[in-house]
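Letter by letter, the chains look like this.
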Amino acid sequence: MVSISIIAEGGVLGTKDAPGTVDNSNALRESLYRIFAEVLKRDDISIEVHMASGKRAAAKRFRDSNADVFLYTDLDCKPEKRADWFVRMKTENQSEPIEFSQDKADRIFFMIQEMEAWMLKQPDAIESWASDRNYKHFSGRGHVSTHYHIKGKDIEQISKPNEKLADILKQTFQSDKLRKNGKPKGVEYGKLKTAPAMLKYLDANLLLIHDAELHKFKDTVLEQCSKNL
């Protein structure tokens with residue numbers, strides 16, 4: 001049995017936060033664990049996922065970790081600008097640059113451009129999530145896949161997918177909350193409140209097919225683990 005750890009951007013670090021926030025962070029960790037475990041599909045590899053709050057906190061924790069740790073974080077830019085992330089880590093805080101050895105750099109993987117891009121790649125999963133919560137479509141709003149934010153687009157080229165997902169939910173689905181005029185408000189998206197549950201609806205195998213970075217993560221982990229089996 002080989003044990004690996006995955007440090008992931010997001011969530012909260014400790015127990016000083018409100019109980020609900022801590023619970024949501026744990027739920028996010030569990031949802032990510034499920035995806036990573038289903039992607040690797042190996043009973044002889046034990047996985048631990050650790051949430052590490054913001055991107056710099058996650059990067060520093062990974063930099064100072066041992067050899068059996070991987071980092072998964074938001075890229076926050078287009079895939080062809082992947083190298084820019086490493087530059088930002090070195091330069092955006094001149095008093096505390098974050099640099100990685102080549103071995104470390106080879107074990108860093110990205111949600112492109114953010115975690116929400118995973119959801120946008122599977123509109124059917126968003127629809128299923130909404131249906132199970134009895135959210136109805138606003139009149140004139142069709143399937144999520146037809147929304148102008150994503151229809152016919154390369155999801156990884158869409159900037160700020162978290163904002164796009166929030167727009168789609170608010171414009172597509174009616175919540176149980178009412179406006180002052182008595183009409184229903186749109187469903188609101190919260191990274192910790194909404195994402196953990198929505199991630200549960202993703203098909204990990206389908207995501208692997210449509211996400212080259214996740215496929216690269218799988219290949220790298222399996223290659224490194226094979227050396228220790």
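Before reading further, recall that the structure is shown in the block above.
Residues numbered from 1 in each chain as written. Predicted model: local features only at pLDDT ≥ 70, side-chain atom pairs only at ≥ 80, totals over all residues. Heavy atoms only, no water.

K.L.:
It is not clear to me how the packing of helix 1 (residues 19-40) against helix 10 (residues 212-226) should be interpreted in this structure. Could you clarify?
P.N.:
The description of two packed helices rests on the angle between their axes and on the distance between the axes. Their axes nearest at 10 Å, the elements helix 1 and helix 10 cross at an angle of 65°. When the axes of helix 1 and helix 10 are compared, the pair comes out roughly perpendicular. Of the two elements, helix 1 crosses helix 10, and the hand of that crossing is right-handed. Taken together, the residues of helix 10 that come into contact with helix 1 (itself represented by Phe36, Val39 and Leu40) are Leu214, Phe217, Lys218, Val221 and Leu222. (Axes fitted to C-alpha atoms, helices over the stretch in contact; angles between N-to-C directions. Helix = DSSP H or I, 4+ residues; strand = E, 2+ residues; numbered from the N terminus. Parallel < 35°, antiparallel > 145°, perpendicular 65-115°, else oblique. Left-handed = near helix turned anticlockwise from the far one by under 90°. Contact = heavy atoms within 4.5 Å.)

K.L.:
For this particular structure, what's the right way to read the side chain of Ser5?
P.N.:
Along the chain, Ser5 turns up in strand 1 (residues 2-8). Judged by its relative accessible area of 16%, Ser5 falls in the buried class. Not counting chain neighbours up to four residues away, the residues in contact with Ser5 comprise Glu48, His50, Asp68, Val69 and Phe70. (Buried < 20%, exposed > 50% of the residue type's maximum accessible area, 1.4 Å probe, protein only.)

K.L.:
So what exactly am I meant to see when it comes to the nonpolar core here?
P.N.:
General note: in soluble globular proteins, nonpolar side chains tend to be found buried as a group. By size, the foremost hydrophobic cluster in this structure holds 50 residues, and its most contacted members are Ile4, Leu32, Trp118 and Phe217. In terms of residue count, helix 1 provides more of this core than any other element does, 6 residues in total. Excluding its chain neighbours within four sequence positions, the residues that come into contact with Ile4 are Leu40, Ile45, Ser46, Ile47, Glu48, Asp68, Phe70, Val221 and Cys225. Ile7, Trp85, Phe86 and Ile98 belong to the second largest nonpolar core, which has 18 residues in total. (Core = buried A, V, L, I, M, F, W, Y, C linked by side-chain atoms within 4.5 Å.)

K.L.:
Got a minute to help me understand the sheet that holds strand 6 (residues 173-178) in this structure?
P.N.:
Sheets are built from strands that pair by backbone hydrogen bonding, the pairs being arranged parallel or antiparallel. Within the open sheet, the 3 strands sit side by side as 5-6-7. Their pairing is antiparallel. The outermost strands of the open sheet, each flanked by one partner alone, are strand 5 (136-137) and strand 7 (184-186). Alignment of strand 5 against strand 6, held across 2 bridges, turns out to be antiparallel. Residue pairing across strands places His137 opposite Phe173, the latter belonging to strand 6. (Pairing = 2+ DSSP bridges.)

That is the geometry; function is a separate question.
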